[in-house]
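# Breakdown of the fold
Letter by letter, the chains look like this.
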Amino acid sequence: MFVRVRYAPSPTGSPHVGNIRTALFCHFFARHHDGVMFVRIEDTDRARTVPGVEEEILESIRWAGIEWQEGPDKGGPFAPYKQSERQAQGIYQPYIDELLNSGNAYKAFDTPEELDEMRQYQQINKKPFGYFGGVWRDASAETVASAEAEGKRPVIRLKMPRGKMLVVNDAIRGRVEFESDLVDDPVLIKADGMPTYHFAAMVDDHLMGTTHIIRGEEWISSAPKHVWLFEAFGWNPPVFVHVPVIKGKDGAKLSKRHGDTRMLDYRAAGYIPDALANFITLIGWAPGGDREIMSMEEIASAFRLEGLQPSPGVFDADKLKWMNGNYIRALSPSELISTVSAYVSNPEVAAYFSSEEHKDDAVVSGVALLRSAFAERPDYVHQVLPLEQERVTTLAEFGPACAFFFVDEVDFDEKATEKWFVGQAHVGPLFDHLIAGLTGKNAASHEECKAMVQEFVDKNGLEKLGPAVHPTRVALTGKTAGPGLFELMEVLGPARMIKRLQRAKGMLK
Ligand code: GLU
């Protein structure tokens, strides 16, 4: 199958998970068929265009691992790929002239007050909303000419057919029928001469050879207008693929409440792009079987439109964390180092965790500690990171989890010291035993550390390792949970351990 798909965002706000999912579907579909994906920026609504968002869109899809072959940043055989530039080149003009000449479009001179009045009338009388022709759809050439002579500026509307069944062939839903009498006449060209989305997008889809329009389900009600535009021109329409909406676990439309929605926030929050791409692709698409963790290659080879579900996809933030943890654990030692090092040197991270919404001082300070440690003692960081790799679910968690390795004095968790530093007669002698064993050593392997603790347990008839392991962990890390004690002891090294054990000794009651 020959495939040319377009990702056609309007730069009106930061791209969110739903937008990126559409882009991912385009990417995987094109890749599966050795086709082409292109990016087209739909910026004809100048009032709603937000500066900087176009760059953010490209950055977001690039970060998600999406590959496109043509676009505003790359050029291509159908350049320009930005509708404002296409409009400035006069690309749309002949097509609107053609529709006016064939009687499929008409000029409408309604004033804003008249349109308001129409809306009120429809509301009060419970009529379908929209512009169904007014006085202009069938106005005579003379009436139009005299309005123009008065200097009024019209919009140009599409003349939807009446009394007809419009059929949209949707790859997910099959044949979807719309009664044309219920479809209003959309504006194609605004009074300022700019084409609307409906017009520019469909003309471009024809000119750019789009074979499949993959987009959000919210566009399905516009699809009969689009199908009719193709018919009015005598062009073959592409296949429509309206992908299901995304809901939260509570069944409500996805919003901030369910987690971040802005794509690049996930980068700041410590997600691995492949994990996020894997997770997002599975919202509303199923590969068949119970496969969940899939590489970009595996998804591309499994990606068929038949796997898209008509029912809403569910966004499950816990599942995303679980998946991200899996991807972190799968990083090779060198990938782990480069990934964490890039993460902690990204200024977005501190900004994100300092914002009111995501405030987390432990992450901000932990990330700063890691950043300076990478610069000052890289070998030590390289030893530390693998110890936490098994335990974290986001890159942000490395900061707070590893902080105890880098501080001069650990922060003690009060509950931990209460439990292990108060009224435990064996703990003082235990710390002395360890200090004596470590003194004069440059290094202590985890086997040696374990032997030292075991020796104390045996000599003192403690039955289990626990009563020796727990207080030692609190003395060295300040916490009751963390990586394996003997492994972390090996990495901390004798000098740091002796200092920490001595300080802890002074706290025993
Ligand atoms: N420009 C539209 C948007 O950003 C895309 C609609 C379409 O894909 O046809 O939502």
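That block above? That's the structure.
Everything numeric in this text was worked out from a predicted model, so none of it was measured. (Residues numbered from 1 in each chain as written. Predicted model: local features only at pLDDT ≥ 70, side-chain atom pairs only at ≥ 80, totals over all residues. Heavy atoms only, no water.)

With respect to the helices and strands, Asp316 occurs in the loop between β11 (313-315) and α12 (317-329). Exposure remark for Asp316: the relative accessible area of 19% places this residue in the buried category. One polar contact links the side chain of Asp316 to the main-chain amide nitrogen of Asp318, over a distance of 3.0 Å. Excluding residues that lie within four positions of it along the chain, Asp316 makes contacts with Lys249 and Phe279. (Helix = DSSP H or I, 4+ residues; strand = E, 2+ residues; numbered from the N terminus. Buried < 20%, exposed > 50% of the residue type's maximum accessible area, 1.4 Å probe, protein only. Polar contact = N/O pair within 3.5 Å; in protein donor to acceptor, adjacent residues only side chain to side chain. Contact = heavy atoms within 4.5 Å.)

A complete count under the given rule lists 38 salt bridges for this structure. Linking Arg31 and Glu297 is a salt bridge whose minimum nitrogen-to-oxygen distance equals 3.6 Å. Of this pair, Arg31 sits in helix α1 (residues 17-32) while Glu297 sits in helix α11 (residues 296-302), and the two are 266 residues apart along the sequence. Owing to a relative accessible area of 28%, Arg31 belongs among the partly exposed residues under this scheme. It is possible to trace a salt-bridge network through shared partners that takes in Glu59, Arg62, Asp73, Arg267 and Glu348. (Salt bridge = Lys/Arg side-chain N within 4 Å of Asp/Glu carboxyl O.)

A few words on the state of the cysteines. Counting across every chain of the model gives 0 disulfides. Free of any disulfide, Cys402 has its nearest neighbouring cysteine sulfur in Cys449, separated by 18 Å. By relative accessible area, which is 0% here, Cys402 ends up buried. For Cys449, a relative accessible area of 0% puts it in the buried group. (Disulfide = S-S within 2.5 Å.)

In the vicinity of the ligand, the residues found are Arg6, Ala8, Pro9, Ser10, Glu42, Tyr197, Arg215 and Trp219. At 2.5 Å from an oxygen atom of the ligand is found a side-chain nitrogen or oxygen belonging to Tyr197. Taking 300 Å² as the accessible area of the ligand by itself, protein coverage stands at 84%. Class assignment for the residues of the shell around the ligand results in 4 nonpolar, 1 polar and 3 charged. (Near = heavy atom within 4 Å. Areas by Shrake-Rupley, 256 points an atom, 1.4 Å probe, with all protein chains shown as cover. Nonpolar A, V, L, I, M, F, W, Y, C, P; charged D, E, K, R; others polar.)

Here the structure, examined in full by the defined rule, presents 18 aromatic pairs. Pairing Phe109 with Trp136 gives two aromatic rings, centres 4.9 Å apart and planes at 55°, and the pair type is tilted. Of the two residues, Phe109 is situated in the loop between β3 (105-108) and α5 (112-124) and Trp136 in the loop between α5 and α6 (141-149); the sequence distance between them amounts to 27 residues. Residue class for Phe109 comes out buried when judged on its relative accessible area of 4%. (Phe/Tyr/Trp six-rings, centres within 6.5 Å; stacked < 30°, edge-to-face > 60°.)

This paragraph deals with the side chain of Arg21. Mapped onto the secondary structure, Arg21 falls in helix α1. One buried charged side chain, Arg21, makes no salt bridge at all; its nearest oppositely charged neighbour is Glu218, positioned 6.9 Å away. Separated by 2.3 Å, the side chain of Arg21 and the backbone oxygen of Pro244 make a polar contact. A polar atom in the side chain of Arg21 sits 2.8 Å from the backbone oxygen of Ile283. Setting aside chain neighbours within four positions, we find Arg21 in contact with Val243, Pro244, Val245, Ile246, Ile280, Ile283 and Gly284. (Lys, Arg positive; Asp, Glu negative; His and termini not counted.)

A few words on the pairing of strand β5 (residues 165-170). Only one face of β5 is covered, namely the one carrying Leu166, Val168 and Asp170; the face carrying Met165, Val167 and Asn169 has none of its residues buried. Across 6 bridges, the pairing between β5 and strand β6 (residues 174-179) is antiparallel. Among the inter-strand pairings, Val168 is bridged to a residue of β6, identified as Val176. Taking the residues between adjacent antiparallel strands as the criterion, β5 and β6 are bridged by 3 residues. (Pairing = 2+ DSSP bridges.)

The subject of this paragraph is the environment of Ala191. Within the secondary structure, Ala191 is located in the loop between β7 (187-189) and α7 (197-207). The exposure class of Ala191 is partly exposed, given its relative accessible area of 32%. Taking C-alpha positions, Ala191 is 9.0 Å from Phe109, a pair spaced 82 residues apart along the chain. Among all residues touching Ala191, those that are not within four sequence positions of it are Arg153, Pro154 and Val155.

Attention shifts here to the nonpolar core. Phe398 and Phe405 are the most contacted members of the largest nonpolar core, which has 116 residues in total. Among residues more than four places away in sequence, those in contact with Phe398 are Ile328, Leu336, Val340, Leu370, Leu385, Glu388, Gln389 and Val392. Counting 33 residues, the second-largest nonpolar core is a separate cluster that includes Tyr92, Val176, Ile213 and Trp235. (Core = buried A, V, L, I, M, F, W, Y, C linked by side-chain atoms within 4.5 Å.)

Moving on, we get to the packing of helix α19 (residues 427-438) against helix α22 (residues 485-505). Between α19 and α22, whose axes approach to 10 Å, the crossing angle comes to 155°. Taken together, the axes of α19 and α22 are roughly antiparallel relative to one another. Viewed along their axes, α19 and α22 form a crossing whose handedness is left-handed. Between α19, through Phe431, Asp432, Leu434, Ile435 and Leu438, and α22, the contact on the second element is made entirely by Pro494, Met497, Ile498, Leu501, Gln502, Ala504 and Lys505. For the contact of α19 with α22, the per-class residue count stands at 9 nonpolar, 1 polar and 2 charged. (Axes fitted to C-alpha atoms, helices over the stretch in contact; angles between N-to-C directions. Parallel < 35°, antiparallel > 145°, perpendicular 65-115°, else oblique. Left-handed = near helix turned anticlockwise from the far one by under 90°.)

Reading across the sheet, the 3 strands line up as β3-β4-β7 and stay open at both edges, with antiparallel pairing between neighbours. Sheet topology places β3 and β7 at the edges, where each strand pairs with a single neighbour. Pairs of neighbouring strands in the sheet enclose a mean axial angle of 45°, with direction left out of account. In terms of strand pairing, strand β4 (residues 155-158) meets β7 through 2 bridges, oriented antiparallel. Directly across from Ile156, in β7, lies its bridge partner Ile189.

That's the geometry; what it means functionally is another story.
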